[in-house]
Amino acid sequence: REYEDLTERTALRRLLPTAGRRLLDIGAGFGRLSEFYAGYDEVVLLDYSRSLLREAQTRLGRDGRIRYVAADFYAMPFAESAFDAAMMVRVIHHVEDVPALLDQVARVLCQDGNYVLEFASKRHLKSILRYLSRRQQWNPFDQTPYEFVEMNFNFHPSWMRAHLLGAGFHVKRQLTVSHFRLAPLKRLVPARILASFDSVFQPTGDWWQLTPSVFVLSTAGKPNGAPFSHHLFCCPACSATRLDESHEAIACTSCGRRWPINDGIYDFKTTLPA
């Protein structure tokens, strides 16, 4: 998927601020997009897979600027307003409860914090043509998310925008990505040439979205104007921000719950005995 990777990097370079205080990469995996971490004082890689985080740690090192966190993104173990930027690429198509996830992202971003989201769109040119020619049954104009295989969803751009607004985000810019995602074309034309053409058309996303991938830049709006918080972690059970950290574990001083730190990876999927 070299072509898709190149187009996604182009979109991120256009949307994600190059520098900031603390960046959250949600569903970071093995750190594929690590080139975008350089300008941030602190970076947090969040993923459910410990093995992928271990791979990221091997690739990116342990300089203390990057934290590796294994956790459920429906219950992020981060303090409110802990980040001034967040990114999420090739992840939300696996999310069943999008509003719950967006609420979590809005919670951990500070006022006007930037959120770059990529989602798989159901309303793209190929699906429209297939529907109009009766080669597919599902309707790309219907705003209901389409689950094409179990736990893999495509979303209508208007549906996603409405839920971003519902979570308190202000949509600033949209880019259409992967205009040329056709297997025969990718076999015939080098990926970098296709990606350069894709780059020309990406800005049309502010007017229409007819590609299988859409990038959205939005900013968090807080009802109380919450500024950036220097606290990073909070207890995912009781939301307390006073946590004691040792080399082996991190513990909540309020409810007493403890989570292991396994060789530099914060494991909020496993609760230790009190």
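Quick note: structure is the one above.
In what follows, the accompanying structure is described. (Residues numbered from 1 in each chain as written. Predicted model: local features only at pLDDT ≥ 70, side-chain atom pairs only at ≥ 80, totals over all residues. Heavy atoms only, no water.)

### Looking at helix α3 (residues 98-108)
One full turn of an α-helix is made of 3.6 residues, so residues set three or four places apart face in the same direction.
Reasoning step 1: Taken residue by residue, α3 has Val98, Leu101, Leu102, Gln104, Val105, Ala106 and Val108 as its buried positions.
Reasoning step 2: Packing partners of the buried residues in α3 comprise β1 (20-26), β4 (83-88), β5 (109-120), α5 (157-166) and β8 (169-177).
Reasoning step 3: Capping the start of α3, aspartate 97 holds a side-chain oxygen 3.2 Å from the backbone nitrogen of alanine 100, two or three residues further along. (Buried < 20%, exposed > 50% of the residue type's maximum accessible area, 1.4 Å probe, protein only. Helix = DSSP H or I, 4+ residues; strand = E, 2+ residues; numbered from the N terminus. Contact = heavy atoms within 4.5 Å. Polar contact = N/O pair within 3.5 Å; in protein donor to acceptor, adjacent residues only side chain to side chain.)

### So, the packing of α3 against α5
Reasoning step 1: Running from amino to carboxyl end, α3 crosses α5 at an angle of 45°, the nearest separation of the two axes being 9 Å. Considering their axes alone, α3 and α5 lie oblique with respect to each other. Like other packed secondary-structure pairs, α3 and α5 cross with a definite hand, here right-handed. On the side of α3, the interface is formed by Val98, Pro99 and Leu102, while α5 contributes Trp159, Met160, His163 and Leu164.
Reasoning step 2: Considered class by class, the residues forming the contact of α3 with α5 number six nonpolar, one polar and no charged. (Axes fitted to C-alpha atoms, helices over the stretch in contact; angles between N-to-C directions. Parallel < 35°, antiparallel > 145°, perpendicular 65-115°, else oblique. Left-handed = near helix turned anticlockwise from the far one by under 90°. Nonpolar A, V, L, I, M, F, W, Y, C, P; charged D, E, K, R; others polar.)

### Examining unusual backbone geometry
What is expected of a backbone is that most residues other than glycine have negative phi and most peptide bonds are trans.
Reasoning step 1: The phi torsion at arginine 134 lies on the positive side, around 65°, for a residue other than glycine.
Reasoning step 2: As for its placement among the helices and strands, arginine 134 is situated in the loop between α4 (125-132) and β6 (146-149).
Reasoning step 3: Given a relative accessible area of 78%, arginine 134 falls into the exposed group.
Reasoning step 4: Positive phi values are uncommon outside glycine, yet serine 178 reaches one of about 70°.
Reasoning step 5: Mapping serine 178 onto the fold places it in the loop between β8 and α6 (183-188).
Reasoning step 6: We classify serine 178 as buried; its relative accessible area is 1%.

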